[in-house]
Amino acid sequence: MPEQAGTPWTRPEIEAIVADYIEMLMIELAGDTVVKAERNRALQALTGRSHGSIEYKHQNISAVMAEFGLPFISGYKPAKNYQRALFETVDAHLSARGLHDRLATTASMGVDSPSELVYQPAPILSDKQKRIDPGIHSIIRRHDPALRDARARALGDAGEALVFQSEQNRLSSSGRDDLAAKVRWVAKEDGDGAGFDILSFTRRGEERWLEVKTTNGPATTPFWISENERLVADENPDVFRLARLFDFARGPAAFCLKPPLTDHVRLIPSQYRATF
């Protein structure tokens, strides 16, 4: 069954590669090895598509997973020029297996967390807002990665616990055990009203207010900021920092944002307070 170069993928072909991709992802997240070359050869025999065409379609599926704020297969960098049919098929497979919430909210998949976080550069804020097909946009809205992560209490607690321990370890390794002992998990001890989660310190003893946002998705997954958090950030730019943890279940990575937050992210109003 020779491939006709440039022809769109059919529904049966899309169904086959999406099912195989999700199976590979679950194997990888379980810590087992996936032999991608063997999988590719099997799909070539099934669909008649070339090795390169299958590899690129895997990257398209990774882009869809990233739009959902979910983990994707390592080595398949997202390529975003996907068909709407691909997006719909990925959504259908994830929904049928209950994987939207499972992949998004699982706090740990057996990967050891680092004792001390190393913050990497944040994604660059684009000057242009991307345009999304209305049908795709409605599917994303239905699952809303930012709201879903905000409601995932176990995931949020796990992220805050990691930052709390990381801050203590950072200060202790710098010879400041006295400050490490003063690090507080404010959100756990006092509740959410402070506008930040972790009270920590620099090595010189200056306060650091860390608001922690955690996702199992990639670095570009949107996140929720409350009005209180925004105000605290704006009013305390010297001490407030937003710690964004991503790819959490597979091996947490992080970046840190310094106010003004609008230098790094686009803030979109999403709630209204109705009064009489």
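Reading guide: rules and limits
Residues numbered from 1 in each chain as written. Predicted model: local features only at pLDDT ≥ 70, side-chain atom pairs only at ≥ 80, totals over all residues. Heavy atoms only, no water. Buried < 20%, exposed > 50% of the residue type's maximum accessible area, 1.4 Å probe, protein only. Helix = DSSP H or I, 4+ residues; strand = E, 2+ residues; numbered from the N terminus. Pairing = 2+ DSSP bridges. Right-handed = clockwise from strand over helix to strand, strands pointing away. Expected span 1.5 Å × (residues − 1). Arc of directions from axis to C-beta. Salt bridge = Lys/Arg side-chain N within 4 Å of Asp/Glu carboxyl O. Lys, Arg positive; Asp, Glu negative; His and termini not counted. Contact = heavy atoms within 4.5 Å. Axes fitted to C-alpha atoms, helices over the stretch in contact; angles between N-to-C directions. Parallel < 35°, antiparallel > 145°, perpendicular 65-115°, else oblique. Left-handed = near helix turned anticlockwise from the far one by under 90°.

**What about the pairing of strand β4 (residues 240-246)?**
Residues in a regular strand point their side chains to alternate faces of the sheet.
In step 1: The buried fraction of β4 amounts to 7 of the 7 residues, a majority that puts the element mostly inside the structure.
In step 2: Burial along β4 is two-sided: Phe 240, Leu 242, Arg 244 and Phe 246 facing one way and Arg 241, Ala 243 and Leu 245 facing the other are all buried.
In step 3: Pairing of strand β3 (residues 207-214) with β4, which is carried by 6 bridges, proceeds in the parallel orientation. Directly across from Glu 211, in β4, lies its bridge partner Leu 242.
In step 4: In this region the chain leaves β3, passes through helix α11 (residues 227-235) and returns to the parallel neighbour β4; the handedness of that crossover is right-handed.
In step 5: Bridging between β4 and strand β5 (residues 253-257) involves 5 bridges; their strand directions are antiparallel. The residue of β5 that forms the bridge with Ala 243 is Cys 256.

**A look at helix α2 (residues 36-47)**
In step 1: Over its 12 residues, α2 extends 16 Å from the first C-alpha to the last, a length consistent with the 16 Å expected when each residue adds 1.5 Å.
In step 2: For α2, the complete set of buried residues consists of Arg 39, Asn 40, Leu 43 and Thr 47. Projected onto a plane normal to the axis of α2, the buried residues spread over an arc of 100 degrees and lie on a single side. Every exposed residue of α2 that faces more than 90 degrees away from the buried side is listed here: Arg 41 and Ala 45.
In step 3: Where α2 ends, the next residue or the one after it, Gly 48, has phi of about 80 degrees, a positive value.

**Observations regarding the pattern of salt bridges**
Where charged atoms of side chains with opposite charge meet at close range, the side chains can pair.
In step 1: Summed over all chains, the structure comprises 22 salt bridges.
In step 2: One salt bridge connects Arg 39 with Glu 23, and the closest N-O pair in it is separated by 3.4 Å. Of this pair, Arg 39 sits in helix α2 while Glu 23 sits in helix α1 (residues 11-29), and the two are 16 residues apart along the sequence.
In step 3: Classification of Arg 39 by relative accessible area gives buried; the value is 19%.
In step 4: Across the pair Arg 148 and Asp 149 runs a salt bridge, and its minimum N-O distance is 3.3 Å. Here Arg 148 and Asp 149 have matching classes, each one buried.

**Here we look at the side chain of Arg 244**
In step 1: As for its placement among the helices and strands, Arg 244 is situated in strand β4.
In step 2: This buried residue, Arg 244, is left without a salt bridge; Asp 149 holds the nearest opposite charge, at 4.5 Å.
In step 3: Those residues in contact with Arg 244 that lie beyond four places of it in its chain are Asp 149, Lys 213, Thr 214, Thr 215, Thr 221, Pro 222, Phe 223, Ala 253, Ala 254 and Phe 255.

**Let's talk about the packing of α1 against helix α4 (residues 84-96)**
In step 1: Packing of α1 against α4 brings their axes to within 10 Å, and their N-to-C directions diverge by 45 degrees. Considering the angle they form, α1 stands oblique to α4. Crossing of α1 over α4 shows right-handed handedness. The segment α1 lies against α4, with Arg 11, Ile 14, Glu 15, Val 18, Ala 19 and Ile 22 engaging Ala 85, Leu 86, Glu 88, Thr 89, Val 90, His 93 and Leu 94.

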